[in-house]
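One letter stands for each residue in the lines below.
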Amino acid sequence: MLVTSNLALTSANLNGLTLKNRLIKAGTFENLSPNGTPSQGLLDFHKQFAVGGVAMTTIGYCAVENAGRLNANMLTMHEDFRKEISQLVKGIQSQGCKVSGQMGHCGAFSKNHTLKTRPKGPSGGLNILGIAEGMWFCDAMTLSDIDHLVDAYRNAAIFMKSVGFDALEIHFGHGYGLCQFLSPLTNKRKDIYGGSLENRLRLPLRVLAAVRAAVGNDFPILGKISMSEGPRTGISYEDSISICKALDEAGIDAIIASNGTSTMNPMLMFRGDSILPSLLKYEKNRLMRFILRLMGKKMFPSLPFYEMYLLEQAKRIREVVKCKMVYIGGASNGDNFTQILDSGFDFIQLGRTLLADPDLPQKLAAKPHYKSRCTHCNQCVGTIESPQGIHCPPFFDGSRT
Ligand SMILES: Cc1cc2nc3c(=O)[nH]c(=O)nc-3n(C[C@H](O)[C@H](O)[C@H](O)COP(=O)(O)O)c2cc1C
Ligand code: SF4
């Protein structure tokens, strides 16, 4: 029976899109698109959240062009896949759930061995992720590469709207392409795209403007950012407040305030147990396993988990922007949801909470204080390399995908 006093289960509007409740499945790269083609497993993966009652699910890491893929098993938003991607989106929507697509580009950080050229980002240097694949280096983008990247986002947005996505989420965080431009650690450019924060924001704002022009004013665009990168000289909490103000003024509909980067400090994104054992369990490349053994303890330290671990910092952004705010990070139970929404947030994205309990919204309807089974052991993180796709090993063996 629906408990209507439960705010998390009440409907809300996101730039004209009605969401039946405030719970959104966060983008979690699924590894269910072998060689870039969406599989039945990808549809089944998202259907479980749709059937379980979330208002909207997010298809993780939809690369805006082939060169934007981190690895060869990522989706590309391209005409070649129109039939498969449109079937995927419609199949999820048929279960009464909206579908958002996370627009991503890896920039200088890739292990996609099908690429014929070096990955490109704001500045040249080492491509740490690609070392095990023999892709040691990345190059700095030229001004025409930057124009090309903006076009790639624009074309991907046109394509994504035309295949039926209900919303788009631009990935500005976690160390990927646009984040590399925002970050003083990875952006060493001396031209109008580097240096001051105003310059480092130039490309992300051009991308937002291009996506907006592509989809029109009445279509929801969300943006996911990292509030800090971890290292002292990277994006700071103060920077992220300015970044969010700029995105807000440029007309973004909602901001998702995440933390850390996949490249430098993923534990800030997750907290909980170190992701190292899980990465080692699924990593097949011997050189990468050696690197993980050598550096993993330092790169992925366990961090004490506490519920809603990003709330205090995210509230600082809530205070300065007019757009909708989506909370993410350790939202684990009905009481958390109420507290988050009472703090002025409009929606809540859930990653691990839903991997452990795909039908959490239904459970919440029956029990308003329901607490997710997720223990923040982070065993799911390494499953992004699992041939069965991502899953939550303590509760699922992966075969349902
Ligand atoms: C297996 C896995 C894969 C993920 N992949 C992505 C991704 O593709 N894009 C992204 O923005 N975040 C990704 N994340 C991060 C989540 O979206 C989210 O920011 C993080 O898990 C914290 O939220 P939670 O406490 O609700 O899990 C991933 C998380 C997990 C566990
Ligand atoms: S493996 Fe399952 S229980 Fe562990 S953190 Fe991931 S979702 Fe939570």
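Going along each chain's sequence as written, the residues are numbered from 1 onward. Chain letters and ligand numbers both follow the written order, the letters beginning at A and the numbers at 1. With the structure being a predicted model, the display of local features is reserved for residues of pLDDT at least 70 and the display and counting of side-chain atom pairs for 80 or more, all residues being used for whole-chain, interface and lining totals.

The protein carries the name NADH oxidase in an unreviewed UniProt entry, which gives Zhongshania aliphaticivorans as its organism.

Trainee: So what exactly am I meant to see when it comes to the overall build of the protein here?
Mentor: Assigned secondary structure in the protein consists of 15 helices and 14 strands. Taking 2.2 N^0.38 as the reference for a compact globule, 401 residues should give roughly 21 Å; the C-alpha atoms of the protein span a radius of gyration of 19 Å, in line with that estimate. In terms of principal-axis extent, the alpha carbons of the protein reach across some 55 × 45 × 45 Å. Think of it as a crowd count around each C-beta: if 20 or more other C-beta atoms lie within 10 Å the residue is buried, if 12 or fewer it is exposed, and in between it is partly exposed, with C-beta placed from the backbone throughout. Out of the 401 residues belonging to the protein, those deemed buried represent 54%. Each residue gets a C-beta atom placed from its backbone, and two residues are in contact if those atoms lie within 7 Å. In the protein, the share of contacts with a sequence separation of at least 24, taken over all contacts with a separation of at least 6, comes to 69%. Secondary structure follows DSSP: runs of H or I at least 4 residues long count as helices, runs of E at least 2 residues long count as strands, and numbering of each begins at the N terminus. When we talk radius of gyration, it's over C-alpha atoms, and the globule rule is simply 2.2 Å times the number of residues to the 0.38.

Trainee: Quick question: what am I supposed to make of the UniProt feature "domain: NADH:flavin oxidoreductase/NADH oxidase N-terminal" (unreviewed entry) in the protein here?
Mentor: UniProt positions are given in the numbering used here, feature names are shortened, and annotations may be inferred rather than shown by experiment. UniProt's feature table lists "domain: NADH:flavin oxidoreductase/NADH oxidase N-terminal" (unreviewed entry) at residues 17–260, given in the numbering used throughout. Secondary structure content for residues 17–260 is 34% helix and 19% strand, while the C-alpha to C-alpha distance between its ends is 30 Å.

Trainee: I keep staring at the site of ligand 1 and nothing clicks. Help me out?
Mentor: Only the C-beta atom, placed from the backbone, is used; a residue is near a molecule or strand if that atom lies within 6 Å of it. Taken together, 25 residues surround ligand 1, and among them Thr-28, Phe-29, Gly-60, Gly-351 and Arg-352 come closest. When residues of the shell around ligand 1 are traced back to their parent elements, those giving at least two are strand E4 (56–63), helix H8 (267–270), helix H13 (352–356) and helix H15 (379–382). Any residue outside Ala, Val, Leu, Ile, Met, Phe, Trp, Tyr, Cys, Pro, Asp, Glu, Lys and Arg is labelled polar, Gly included; the first ten of those are nonpolar and the last four are charged. Across the shell around ligand 1, the residue classes tally to twelve nonpolar, eleven polar and two charged.

Trainee: For this particular structure, what's the right way to read the sheet that holds strand E7 (residues 120–121)?
Mentor: Sheets are built from strands that pair by backbone hydrogen bonding, the pairs being arranged parallel or antiparallel. Pairing in this open sheet of three strands is mixed, and the strands run E7-E9-E8 from one edge to the other. A single partner strand is all that each edge strand has here, and the edge strands are E7 and strand E8 (125–126). In this sheet, strand E9 (residues 137–140) lies alongside E8 in antiparallel orientation, the contact comprising two bridges. Across the sheet, the residue bridging to Leu-126 is Phe-137, located in E9. Two strands are counted as paired when DSSP detects at least two bridges linking them.

Trainee: For this particular structure, what's the right way to read the packing of helix H7 (residues 237–249) against helix H11 (residues 311–320)?
Mentor: Geometrically, a packed helix pair is captured by the angle between its two axes and the distance between the axes. Relative to each other, H7 and H11 sit at 35°, their axes nearing to 10 Å. Where H7 crosses over H11, the handedness of that crossing is right-handed. Taking contact as the criterion, the partners of Tyr-237, Ser-240, Ile-241, Cys-244 and Lys-245 in H7 are, on H11, Gln-313, Arg-316, Ile-317 and Val-320. When its residues are assigned to classes, the contact of H7 with H11 shows five nonpolar, two polar and two charged. Axes, fitted as lines to C-alpha atoms, cover a helix only where it is in contact. Angles between the N-to-C directions of the axes lie from 0 to 180 degrees. Crossings are classed by handedness, with left-handed meaning an anticlockwise turn of the near helix from the far one by less than a right angle and right-handed meaning a clockwise turn.

Trainee: Before we go on, may I ask you to explain the pairing of strand E11 (residues 221–226) in this structure?
Mentor: Here is the key point about a regular strand: its side chains alternate between the two faces of the sheet. Among the six residues that make up E11, six are buried, leaving the element largely enclosed by the rest of the structure. A two-sided burial pattern is seen for E11, the buried positions comprising Ile-221, Gly-223 and Ile-225 on one face and Leu-222, Lys-224 and Ser-226 on the other. Note on the crossover from E11 through H7 to strand E12 (residues 254–258): the handedness is right-handed. Throughout, right-handed denotes a crossover for which the path from the first strand over the helix to the second runs clockwise when the strands point away from the viewer.

Trainee: I would appreciate a short explanation of helix H1 (residues 40–52) in the present structure.
Mentor: Side chains that are three or four residues apart share a direction in an α-helix, a result of its 3.6 residues per turn. By this rule, a helix spans an expected 1.5 Å times one less than how many residues it contains. Helix length check: H1, at 13 residues, gives a terminal C-alpha distance of 18 Å against a target of 18 Å (1.5 Å per residue), a fit within 8%. Residues Leu-42, Phe-45, His-46, Phe-49, Ala-50 and Gly-52 constitute the buried set of H1. Check the buried side of H1 and you find it contacts strand E3 (23–25), E4, helix H2 (82–93), H13 and helix H14 (360–366). Positive phi appears at Gly-53, one or two residues downstream of H1, with a value of about 110°.

Trainee: For this particular structure, what's the right way to read unusual backbone geometry?
Mentor: Comment: phi is negative for the bulk of residues other than glycine, and the bulk of peptide bonds are trans. Positive phi, normally seen in glycine, also occurs at Asn-15, with a value near 40°. Locating Asn-15 in the fold gives a position in the loop between strand E1 (12–14) and strand E2 (17–19). Take Asn-15: there are 17 C-beta atoms within 10 Å of it, and that puts it in the partly exposed class. One non-glycine residue, Arg-271, lies in positive phi territory at about 50°. By secondary structure assignment, the location of Arg-271 is in the loop between H8 and helix H9 (276–282).

Trainee: Which parts of the structure should I look at to understand helix H6 (residues 202–215)?
Mentor: A rise of 1.5 Å per residue sets the reference length of H6, with its 14 residues, at 20 Å; its end C-alpha atoms lie 20 Å apart and thus fit the reference within 8%. Taken together, the buried positions of H6 are occupied by Leu-203, Pro-204, Val-207, Leu-208, Ala-210, Val-211, Arg-212, Ala-214 and Val-215. Two residues or fewer after H6 comes Gly-216, characterised by a positive phi angle close to 90°.

Trainee: What should I look at first to understand the nonpolar core in this one?
Mentor: Generally speaking, soluble globular proteins have nonpolar side chains that are buried together. Definition of nonpolar core: a set of buried Ala, Val, Leu, Ile, Met, Phe, Trp, Tyr and Cys residues joined via C-beta atoms within 7 Å. Among the nonpolar cores identified, the biggest contains 118 residues, and Tyr-153, Leu-168, Val-211, Ile-255, Val-326, Tyr-327 and Ile-348 are the most heavily contacted of them. Element by element, the count of residues in this core is highest for helix H3 (residues 143–162), at eight residues. Once residues within four sequence positions are removed from consideration, Ile-255 is found in contact with Gly-223, Ile-225, Cys-244, Leu-247, Ile-317, Val-321, Cys-323, Met-325 and Val-326.

Trainee: Would you mind going over the site of ligand 2 with me for this structure?
Mentor: The immediate surroundings of ligand 2 are formed by 13 residues, with Arg-352, Cys-374, Cys-377, Cys-380 and Cys-392 found nearest. Elements that contribute at least two residues to the shell around ligand 2 include exactly H13 and H15. Considered class by class, the residues forming the shell around ligand 2 number eight nonpolar, four polar and one charged.

Trainee: I tried to follow the environment of Ala-152 on my own but got confused; where do I start?
Mentor: Here Ala-152 shows up in helix H3. Look at Ala-152 and you get buried, because 23 C-beta atoms sit within 10 Å. A sequence separation of 150 residues divides Ala-152 from Ser-302, and the C-alpha atoms of the two residues are 37 Å apart. When neighbours within four sequence positions are excluded, Ala-152 is seen to be in contact with Val-64, Glu-65 and Gly-68.

Trainee: Explanation requested: the environment of Asp-239 in the structure shown.
Mentor: Mapped onto the secondary structure, Asp-239 falls in helix H7. For the pair formed by Asp-239 and Gly-27, sequence separation is 212 residues and the distance between their alpha carbons is 24 Å.

Trainee: Whenever I open this one, the packing of H3 against H6 confuses me. Can you help?
Mentor: Relative to each other, H3 and H6 sit at 30°, their axes nearing to 8 Å. Here H3 is positioned roughly parallel relative to H6, judged by the angle of their axes. Crossing handedness for the pair H3 and H6: right-handed. Packed against H3, whose contacting residues are Ile-146, Val-150, Tyr-153, Arg-154, Ala-157, Ile-158 and Lys-161, the element H6 presents Leu-203, Arg-206, Val-207, Ala-210, Val-211, Ala-213, Ala-214 and Val-215 at the interface. For this classification, under 35 degrees means roughly parallel, over 145 means roughly antiparallel, 65 to 115 means roughly perpendicular, and everything else is oblique.

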